[in-house]
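# Understanding the architecture of this molecule
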Amino acid sequence: SSGAWLLDLASDLVPTAVLHGIDINLGLIPNTYPRNVSFSQCTVVNLPRRWTNKFDFVHQRLISGGLTRAYWPVALREIYRVLSPGGWVQLGECTGFFAGPVTARLWSMLINFCEELNIDARVADRLSILTTEAGFSNVTVEEGSVSLHGSTELEMRTRNGVISAFQTTHAGILKRNGIGYTDFDKLLPAMVKEWDELDSARQGFKIVYAQKPVNDQ
């Protein structure tokens, strides 16, 4: 993570707001940032004990590839613990890539690869259940998408992120789905071609909001 979301938020809030970000690798964090922003190298499944009831708001997004199924309840219990009573969590995860048959095939292959690692690539569909099971209340879900056809900064960043996801996992995808490098190397540009040709090409996502009950001390 580059800390971009947190740093963008800092620019919109009053300087007295205290913002803290975490990641297992801080290598992409800028060397300089506002005084009210700080970062820690740690994991969401084992947050510092001193953070209990500390934060009013927790934001987490796009980490489905970094948590196995067994760790999702652990992560949400940790988030619940560090939130102050009445505090809110915002979770955002991808629901898939949608365009033509090539995009659908690659998305299916990625899901198959994730299943082998016990990773739930479609955890977005279970977030409302998982947050409720973790003790949260007032759970709401919003759905949206980002175009893979357009050319805005956000859209290009999304396109590049999807392509990078397939490139970094290609060895596992090939092994799991029984295809060769040559076939895979043809699929990636064919997928991008679909995006360029279809106005409807998009990455879907779900955002879940949930509250720690006020009476939970």
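Refer to the preceding data block for the structure.
Throughout what follows, the structure given in this document is the object of discussion. (Residues numbered from 1 in each chain as written. Predicted model: local features only at pLDDT ≥ 70, side-chain atom pairs only at ≥ 80, totals over all residues. Heavy atoms only, no water.)

Here the focus is the environment of Val123. Counting through the fold element by element, Val123 comes out in the loop between helix H3 (101-116) and helix H4 (127-133). For Val123, a relative accessible area of 0% corresponds to the buried category. Taking C-alpha positions, Val123 is 21 Å from Lys212, a pair spaced 89 residues apart along the chain. Each residue touching Val123, except ones within four places of it in the same chain, is listed here: Ser64, Trp72, Glu93 and Leu130. (Helix = DSSP H or I, 4+ residues; strand = E, 2+ residues; numbered from the N terminus. Buried < 20%, exposed > 50% of the residue type's maximum accessible area, 1.4 Å probe, protein only. Contact = heavy atoms within 4.5 Å.)

Next up on the list: helix H2 (residues 71-82). Spacing of three or four residues puts side chains on the same side of an α-helix, whose turn is 3.6 residues. With twelve residues, H2 extends 17 Å between its outermost C-alpha atoms, agreeing within 8% with the 16 Å of an ideal straight helix rising 1.5 Å per residue. All of the buried residues in H2 are Trp72, Ala75, Leu76, Glu78, Ile79, Tyr80, Arg81 and Val82. Those residues of H2 that are buried lie in contact with strand E3 (55-61), strand E4 (83-98) and H4. (Expected span 1.5 Å × (residues − 1).)

Let us now look at the packing of H3 against helix H7 (residues 181-197). Relative placement of two packed helices is described by the angle separating their axes and the distance separating the axes. Remark: H3 packs on H7, axes separated minimally by 8 Å, with the N-to-C direction vectors making an angle of 125°. On the basis of their axis angle, the class for H3 and H7 is oblique. Of the two elements, H3 crosses H7, and the hand of that crossing is left-handed. Of the residues in H7, those touching H3 at Pro101, Val102, Thr103, Arg105, Leu106 and Met109 are Phe184, Leu187, Leu188, Ala190, Met191, Glu194 and Trp195. For the contact of H3 with H7, a count of residues per class yields ten nonpolar, one polar and two charged. (Axes fitted to C-alpha atoms, helices over the stretch in contact; angles between N-to-C directions. Parallel < 35°, antiparallel > 145°, perpendicular 65-115°, else oblique. Left-handed = near helix turned anticlockwise from the far one by under 90°. Nonpolar A, V, L, I, M, F, W, Y, C, P; charged D, E, K, R; others polar.)

Quick look at the side chain of Thr103 now. As for its position among the elements, Thr103 is in helix H3. Since its relative accessible area comes to 0%, Thr103 is described here as buried. At 3.2 Å, the side chain of Thr103 and the side chain of Trp195 are in polar contact. (Polar contact = N/O pair within 3.5 Å; in protein donor to acceptor, adjacent residues only side chain to side chain.)

Next up on the list: the packing of aromatic side chains. One pass over the full model with this rule turns up five aromatic pairs. An angle of 90° between the planes, with centres 5.4 Å apart, marks the rings of Trp51 and Phe55 as edge-to-face. For the pair Trp51 and Phe55, a shared accessibility class is recorded, and that class is buried. One aromatic cluster is present, formed by Phe97, Trp107 and Phe166 through successive ring pairs. Above the plane of the ring of Phe55 lies Lys54, whose end atom (NZ or CZ) is 5.9 Å from the centre. (Phe/Tyr/Trp six-rings, centres within 6.5 Å; stacked < 30°, edge-to-face > 60°. Lys NZ or Arg CZ within 6 Å of the ring centre and 35° of its normal.)

A positive phi angle is found at Asn53, which is not glycine, with a value near 60°. Within the chain, Asn118 stands out as a residue other than glycine whose phi angle is a positive 60°. When you line up the elements, Asn118 lands in the loop between H3 and H4.

Moving on to the pattern of salt bridges. Using the criterion set out here, one finds eight salt bridges in the structure. Among the ionic pairs, Asp120 bridges to Arg126, the shortest N-O distance being 2.8 Å. With a relative accessible area of 5%, Asp120 lands in the buried category. Taken together, the shared-partner salt bridges in this structure form one network comprising Arg69, Glu115, Asp120 and Arg126. (Salt bridge = Lys/Arg side-chain N within 4 Å of Asp/Glu carboxyl O.)

All right, on to the pairing of E3 then. Regular strands have side chains that alternate between both faces of the sheet. Sheet topology places E3 next to E4; six bridges connect them, and they run parallel. Note on E4: the bridge partner recorded for Val58 is Val89. One crossover worth recording links E3 to the parallel E4 by way of H2, and it is right-handed. (Pairing = 2+ DSSP bridges. Right-handed = clockwise from strand over helix to strand, strands pointing away.)

It is worth spelling out helix H5 (residues 153-168) at this point. Along its 16 residues, H5 runs 22 Å from first to last C-alpha, staying within 8% of the 22 Å computed at 1.5 Å per residue. Among the residues of H5, Glu155, Thr158, Arg159, Val162, Ile163 and Phe166 are the ones counted as buried. Taken end-on, H5 shows its buried residues confined to a sector of 130°, consistent with a single buried face. Pointing more than 90 degrees away from the buried face of H5 are the exposed residues Glu153, Arg157 and Thr168. Buried residues along H5 sit against E4, H3, strand E5 (137-147), helix H6 (170-177), H7 and strand E6 (202-211). (Arc of directions from axis to C-beta.)

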